[in-house]
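Below, each chain spelled out in residue letters.
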Amino acid sequence: MGVSTSRPDEGIAVVTVDFPPVNALPVQGWYDLADAVRAAGRDPDIRCVVLAAQGRGFNAGVDIKEMQRDTASGGHGALIGANRGCAEAFSAVYECEVPVVAAVHGFCLGGGIGLVGNADAIVASEDATFGLPELDRGALGAATHLARLVPQHLMRALYYTSRTATAAELHAHGSVWKVVPREELTDTARELAREIARKDGSLIRLAKAAINGIDPVDVHRSYRFEQGFTFEANLSGVADRVRDTFGTRSAAESKEDRS
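Residues numbered from 1 in each chain as written. Predicted model: local features only at pLDDT ≥ 70, side-chain atom pairs only at ≥ 80, totals over all residues. Heavy atoms only, no water.

A.B. asks: Could you give an account of the packing of helix H3 (residues 77–95) against helix H10 (residues 219–236), naming the residues involved and the relevant values?
C.D. replies: One can describe the packing of H3 onto H10 by two numbers: an axis separation of 11 Å at closest approach and a directional angle of 165°. Between H3 and H10, the crossing angle belongs to the class labelled roughly antiparallel. Between H3 and H10 lies a crossing whose hand is right-handed. Residues Leu79, Ile80, Asn83, Arg84, Cys86, Ala87, Phe90, Ser91, Tyr94 and Glu95 of H3 lie in contact with H10, whose contacting residues are Val219, His220, Tyr223, Gln227, Thr230, Phe231 and Asn234. (Axes fitted to C-alpha atoms, helices over the stretch in contact; angles between N-to-C directions. Helix = DSSP H or I, 4+ residues; strand = E, 2+ residues; numbered from the N terminus. Parallel < 35°, antiparallel > 145°, perpendicular 65-115°, else oblique. Left-handed = near helix turned anticlockwise from the far one by under 90°. Contact = heavy atoms within 4.5 Å.)

Written as structure tokens, this is what we have:
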């Protein structure tokens, strides 16, 4: 359990996240992920990083239960830690010195959108879904990254409704490179990574820096602006009110779906 790094092919590092049962990362998990991606990018022998996950889905965002426990005791350490940890992990993907390919299966929610939105390329399995259920969880944020995956008005509709988009829909918008059966996801992501890794190592690093340099949106500044409203929601009490009904509402919705 945790974050691990492997090197299955020459020039490629695979950073794998594994936090059962749903890859909802605790505060330390976000920092561990950031450290692993940065370390892989700094390695002069690595020319591409694949970001993958074990388990039922790619990423379910932050560990809400960790935050609820901290809030119940009167503290805000988990909230501050999650905000800083997410910012570190998202930045690590964006700033990685070599291209990052995200291999997404199952659900990619909340913080998962921050990761893939900052990746250089996305390969997804047919069962992959992408979304920001933040408003249902008493949170805000990562609209910056969702806007890198879908057009502006669709981003807003998805954000306000907490609905998800399928891998096929994102492929139609051009943000997902390929959609494949789940059993082919790993090989397809590594195939793209191998193609990238065949480039000259110094030149691919210059290319990454150049592309980031012409990005029309400062993703760090934009996400930090969003986080200010997350803090406001928490200070006003509205975040706790919504977050405390999260588990109850999810159970009720599941029961309604089964009936």
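Once the structure has been displayed, the description carries forward.
A.B. asks: For helix H1 (residues 27–42), give the residues involved together with the corresponding values.
C.D. replies: A rise of 1.5 Å per residue sets the reference length of H1, with its 16 residues, at 22 Å; its end C-alpha atoms lie 23 Å apart and thus fit the reference within 8%. For H1, every residue scored as buried is listed here: Val27, Gly29, Trp30, Leu33, Ala34, Ala36, Val37, Ala40 and Gly41. (Expected span 1.5 Å × (residues − 1). Buried < 20%, exposed > 50% of the residue type's maximum accessible area, 1.4 Å probe, protein only.)

A.B. asks: Can you lay out empty space enclosed by the protein for me, pointing to particular residues and giving the numbers?
C.D. replies: A complete count under the given rule lists one cavity of 30 Å³ or more for this structure. Counted as a void, the largest cavity has a volume near 280 Å³. Secondary-structure elements contributing two or more residues to the lining of the largest cavity are helix H2 (64–72), H3 and H10. When residues of the lining of the largest cavity are assigned to their parent elements, the largest contribution, five residues, is made by H3. Residue classes in the lining of the largest cavity are distributed as 11 nonpolar, eight polar and three charged. (1 Å grid on protein atoms, 1.4 Å probe; cavity = no way out; pocket = protein on both sides within 12 Å on 5 of 7 lines; lining within 4 Å. Points joined across faces, edges and corners; volume = space filled by probe spheres on them. Nonpolar A, V, L, I, M, F, W, Y, C, P; charged D, E, K, R; others polar.)

A.B. asks: Mind laying out the side chain of Asp43, listing which residues take part and the relevant values?
C.D. replies: The topology assignment puts Asp43 in the loop between H1 and strand S3 (48–53). Asp43 has contacts with Arg7 and Arg205, leaving out every residue within four places of it along the chain.

A.B. asks: Just give me the short version of the packing of aromatic side chains, but keep the residues and values in it.
C.D. replies: Evaluation of the coordinates by the stated rule reveals four aromatic pairs. Seen in terms of ring centroids, Tyr159 and Tyr160 are 6.4 Å apart; in terms of plane orientation they differ by 85°. Their pairing is edge-to-face. You can call Tyr159 buried: its relative accessible area is 10%. Take Tyr160: its relative accessible area is 57%, and that puts it in the exposed class. Between Phe225 and Phe229, the aromatic rings sit 5.3 Å apart at their centres with planes inclined by 65°, giving edge-to-face as the arrangement. With Phe225 and Phe229 both in helix H10 and four residues apart, this pair spans about one turn of that helix. Accessibility expressed as a relative area gives 58% for Phe225, which makes it exposed. Through successive ring pairs, a cluster of aromatic residues spans Trp30, Phe90 and Tyr223. (Phe/Tyr/Trp six-rings, centres within 6.5 Å; stacked < 30°, edge-to-face > 60°.)

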